[in-house]
Amino acid sequence: MKKTSRKPVIKTLIKGLFVSAALLGGASQAAADNCYIMVHGHGTQGNVQSGSNQPALDYWNSYNFSQYSGSNFINELLGSSNDNYGVVGYDSTDESGHPYWRDETAGEIARQIAAIKQGNGDGYNHPQANTQCAANDNFWVVSHSQGAQQMMYIAGNALAGSPNYNTAYAASGSVNVDFDGAISGISGIFTMGGAITGTEGADRLCNGNWLDSLINLAFLGKDCNPSVQWLQTNESYAVRNYIGSNLGAPLYVMGGYKSFPGIQGASAALLSGEDDGYINLASQMSCEGSGKRSIESDLNSYKKFFGISYGSPTFRCNNGGKGTPRTYNMASVYTDHDAERNAGISSPSYTSIENGITCGNGRNMAGRIDSCL
Amino acid sequence: MSKIKKSVGVICTAIIITYFIWPSGSTPNASAVANQPTEKTPLRGDIRHSPSLQKVSTSPPTLNTKKPPSLTQQDSKELSPIERIKAIQNKTSLHQSLIDDHQQFTRYPSYNKAIAQSSKDPIISRYEAYERSTLSKDKNHTLTIWTEKRFYLNDEVATFYASLKDQQGNDVSTSFAAQVIFGEQLNIAQLEFESSPHNGYQTASLTLDAATYKEGIYKVLIANRTNELADALTFTLSRPLARLTGEYQDQVVDGKLRIMAEVEVEQSNRYYLEASLYSSTNDPIGTTQFADRLESGTHWIPLDFSGLMILDAGEPAPFILRNISLAKVAMPIQRAPLSNPNYATQQYDLAQFLQSEGGAQEPL
């Protein structure tokens, strides 16, 4: 068994002690813990959960590169706090091929968020003791890759007046899903390496000139199935065209700009601008314009002469330069797409960005959330 | 382990003693809660001229004989998530950002958003066709492609553009070919691009006849013959099955501006409208949205703009309904062409907007 209890003994004892003290005094409980609701990305059979077979939970410590073996995003996220988490699992496999607007993806995620908020547990066996969420926790959503696309769809259709308010789609037509109830009470949504305006990897796959089969197999499968189709950077597929003019919760974007380790690092050369080996940084940061817009790690675009940037930015992806409403810069971190979800790089460097959130500077994406909350 | 247990024992004793002897009203957390501004606190402005605020300030004070609860005694279930964040004493930059966001989000009804500058009008952004650039693997050439529109109707002519440049931005002589694909699978047509004199790009066009082109997403896969750089554009062939008639009315309802837009619906479905409001001097004010199922026939659709949002813009009436978008909600969404009615409202006394929803917030 690779996992061990992360919460130290002292933490558990203090937690128990506090409850005893509160009971002695007849007082109700103190400020709530954070509950992180974890929404995984593409290519996971998250709808399956049986005994120790927990793909949606394992997503957060799985790895495609051996350098990241033994790393665990959730351990880093919880740190030494009293915080809790709930795992959302849905079917994001290529075999099923469900786009972000389907009942099997966005609908299922929303239903599980609502269930976790009730405080009855997520049904997963947490290797960390006492980490199931309570109904009075502070709720946050942490999403990676395609998970960000779905969270944008849910939050962007959680307010009355939105085009797809409380609506997902199944093979038989539209389905009513309570996005409003799911997002209500969510304090914020974090996206990491989010395919918010798609990925050029999906473009290459669907346009028939994908060159790096190793990366392709790791993250997207082999064919342009509907889930991959709706991950292309073309505007017709972008989630921002299927949401309303406001989000039900604020969304904080974190982007990675490190190429993959080893030979797979070549994938970065196939993507425009900075990227995390698989998703263009402009898409991760939900910038205005094309999802393959060329931005540098400081989230600016510059004129170039012989490949050298010069002059003032021609585009700035600050909080005023977003393609989606209520979307805020959090950080631009030297991390690849794999290490984003398993926290495999413990102290990555970063680039200062306009409107960035500075707490947690120097830590990886999980650590940043931990530091900032 | 024994050391840890010993430490826990000491901490345990300290917490219990502290709990019973510390006066609850004097805890630092209690003062932090008491000093929190309420959601309706004015941001700035002259409070003497606000009837709504006067109403609040002239309310008879009530005698509160209860001690304010300390945060440690307060049941956190009673606090909203944002109140919990506000009660944190050592706030991080993320906490502060969340508080700022909440203040901004709750200032107007959620269907309204202020527009900071006209170049950021989100209604126009819905229609913008973005240029796409692809760098060759050796970084020596850049392929750039674009189209005029993202949404076309049947019988319109769609035009596509392509150019190839070297590192210095000079045009590279080449030829382009394109394949038009429906649903990522069905080949519909092949296109040859023609040079556009003096413009440095080539163009190809396509007439979207109703017999060939049904509603949905079309991809135009464009490749050049010099170095095989390729990229694809997409556009949506829309059949919105509803239209704006061009008739509008306006009135003030409960302190908000309501512009009614007449819509003629051909097929019952869910429809989505977005609109942006400007001042008569072309300063942007904000947007609104509406979505509902509409049956076949003619409807008057209410487009509501918060009175506070109008006051925050600091511009007098009349107001201009500048842009309006109508779409049939489907996958993919079927937008009708962007409409620019430039409809001017009646003259309104701004005091009418002071009695806006919520009441106690002050204009910026």
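What counts and how
- Residues numbered from 1 in each chain as written.
- Chains lettered and ligands numbered in written order.
- Predicted model: local features only at pLDDT ≥ 70, side-chain atom pairs only at ≥ 80, totals over all residues.
- Helix = DSSP H or I, 4+ residues; strand = E, 2+ residues; numbered from the N terminus.
- Buried ≥ 20, exposed ≤ 12 C-beta atoms within 10 Å, placed from the backbone.
- Pairing = 2+ DSSP bridges.
- Axes fitted to C-alpha atoms, helices over the stretch in contact; angles between N-to-C directions.
- Domains from an automatic or database assignment.
- pLDDT = per-residue confidence, 0-100.
- Contact = placed C-beta atoms within 7 Å.
- Core = buried A, V, L, I, M, F, W, Y, C linked by C-beta atoms within 7 Å.
- Parallel < 35°, antiparallel > 145°, perpendicular 65-115°, else oblique.
- Nonpolar A, V, L, I, M, F, W, Y, C, P; charged D, E, K, R; others polar.

**A few points about the overall build of chain A**
Phase 1 of the analysis: Scanning chain A for helices and strands turns up twelve helices and eleven strands.
Phase 2 of the analysis: Relative to its full complement of 373 residues, chain A shows a buried share of 62%.

**Describing the sheet that holds strand 12 (residues 242-253) of chain B**
Residues and elements named next belong to chain B.
Phase 1 of the analysis: Spatially, the three strands line up as an open sheet ordered 12-13-16, and their pairing is antiparallel. Since the sheet does not close on itself, it has two edges, and those belong to strand 12 and strand 16 (297-305), each with one partner. On average, adjacent strands in this sheet sit at an angle of 25° to one another, irrespective of strand direction.
Phase 2 of the analysis: Sheet topology note: the strand 13 (residues 256-265)/strand 16 ladder contains nine bridges and is antiparallel. Bridging from a neighbouring strand, Met260 pairs with Pro302 of strand 16.

**Thoughts on helix 7 (residues 200-207) of chain A**
Residues and elements named next belong to chain A.
Phase 1 of the analysis: By the criterion of burial, helix 7 is predominantly enclosed, with eight of the eight residues buried.
Phase 2 of the analysis: For helix 7, the set of buried residues is Glu200, Gly201, Ala202, Asp203, Arg204, Leu205, Cys206 and Asn207.
Phase 3 of the analysis: At the C-terminal side of helix 7, Gly208 shows a positive phi close to 80°.

**Section: the domain arrangement of chain B**
Interfaces are frequently sized by the accessible area removed from exposure as the parts join.
Phase 1 of the analysis: Splitting chain B by domain gives domain 1 (2-39 + 68-107), domain 2 (138-237) and domain 3 (240-354).
Phase 2 of the analysis: The C-alpha centroid of domain 3 of chain B is placed 35 Å from the C-alpha centroid of domain 2 of chain B.

**Structural notes on the pairing of strand 12 of chain B**
All names here are of chain B.
Phase 1 of the analysis: Sheet topology places strand 12 next to strand 13; nine bridges connect them, and they run antiparallel. Residue pairing across strands places Val253 opposite Lys256, the latter belonging to strand 13.
Phase 2 of the analysis: Adjacent in sequence and paired antiparallel, strand 12 and strand 13 are bridged by two residues, among which Asp254 carries a positive phi angle near 50°.

**A look at the confidence of the model for chain A**
Phase 1 of the analysis: Within chain A, residue pLDDT values average 88, and 86% of them lie at 70 or more.
Phase 2 of the analysis: Across residues 210-215 of chain A, confidence stays below pLDDT 50; counting only partners more than four residues off in sequence or on other chains, it has 13 contacts.

**Quick look at the pairing of strand 4 (residues 167-170) of chain A**
Phase 1 of the analysis: With four bridges joining them, strand 4 of chain A and strand 5 (residues 173-176) of chain A adopt antiparallel strand pairing. When the bridges of strand 5 of chain A are listed, Tyr169 of chain A appears paired with Ser174 of chain A.

**Observations concerning the environment of Thr358 of chain A**
All names here are of chain A.
Phase 1 of the analysis: For Thr358, the location among the structural elements is in the loop between strand 11 (350-351) and helix 12 (365-372).
Phase 2 of the analysis: Residue Thr358 is classed as partly exposed on the basis of its C-beta count, with 16 C-beta atoms lying within 10 Å.
Phase 3 of the analysis: Residues Thr358 and Gln45, 313 residues apart in the sequence, show an inter-C-alpha distance of 35 Å.

**Regarding the environment of Asn75 of chain A**
Phase 1 of the analysis: Relative to the helices and strands, Asn75 of chain A resides in helix 3 (residues 73-78).
Phase 2 of the analysis: As for Asn75 of chain A and Ser96 of chain A, which are separated by 21 residues in sequence, their C-alpha atoms are 30 Å apart.

**Focus on the nonpolar core**
Phase 1 of the analysis: The biggest cluster of nonpolar side chains holds 136 residues, and the ones touching the most others in it are Ile37, Val141, Ile154 and Ala155 of chain A.
Phase 2 of the analysis: Counting only domains with at least three residues in this core, you end up with domain 1 (2-39 + 68-107) and domain 3 (240-354) of chain B.
Phase 3 of the analysis: Residue contacts for Ile37 of chain A: discarding those within four places in its chain leaves Gly86, Val88, Ile113, Ile116, Phe139, Trp140, Val141 and Val142 of chain A.

**With respect to the packing of helix 4 (residues 103-117) of chain A against helix 5 (residues 146-155) of chain A**
Residue and element names in this part refer to chain A.
Phase 1 of the analysis: Where helix 4 contacts helix 5, the axes come no closer than 9 Å and their chain directions differ by 70°. On the basis of their axis angle, the class for helix 4 and helix 5 is roughly perpendicular. Facing Thr105, Ala106, Ile109 and Ala110 of helix 4, the residues of helix 5 in contact are Gln150, Tyr153 and Ile154.
Phase 2 of the analysis: Class assignment for the residues of the contact of helix 4 with helix 5 results in five nonpolar, two polar and no charged.

**Observations concerning unusual backbone geometry**
Across the chain, the bulk of peptide bonds are trans and the bulk of non-glycine residues have phi less than zero.
Phase 1 of the analysis: Cis peptide bonds are those with omega within 30 degrees of zero, and the linkage from Ala317 of chain B to Pro318 of chain B qualifies with 0°.
Phase 2 of the analysis: Summarising the element assignment, Pro318 of chain B is placed in the loop between helix 7 (307-313) and strand 17 (319-328).
Phase 3 of the analysis: Following Met331 of chain B, the chain continues into Pro332 of chain B via a peptide bond in cis, with omega recorded as 0°.
Phase 4 of the analysis: Here Pro332 of chain B is to be found in the loop between strand 17 and strand 18 (334-335).
Phase 5 of the analysis: At Asn355 of chain A, a residue that is not glycine, the phi angle is positive and equals roughly 65°.
Phase 6 of the analysis: Counting through the fold element by element, Asn355 of chain A comes out in the loop between strand 11 and helix 12.
Phase 7 of the analysis: The partly exposed category is assigned to Asn355 of chain A, around which 16 C-beta atoms lie within 10 Å.
Phase 8 of the analysis: Phi at Lys139 of chain B is positive, roughly 60°, even though this residue is not glycine.
Phase 9 of the analysis: Relative to the elements of secondary structure, Lys139 of chain B occurs in the loop between strand 2 (132-135) and strand 3 (141-147).
Phase 10 of the analysis: Here Lys139 of chain B falls in the exposed class, since 12 other C-beta atoms lie within 10 Å of it.

**Looking at the confidence of the model for chain B**
All names here are of chain B.
Phase 1 of the analysis: For chain B, per-residue confidence averages 81 on the pLDDT scale, and residues scoring 70 or more make up 77% of the total.
Phase 2 of the analysis: Between residues 1-74, whose pLDDT stays under 50, and residues either more than four places distant or in other chains, the model counts 70 contacts.
Phase 3 of the analysis: Across the whole predicted complex the pTM is 0.85, and at the interface the ipTM reaches 0.89.

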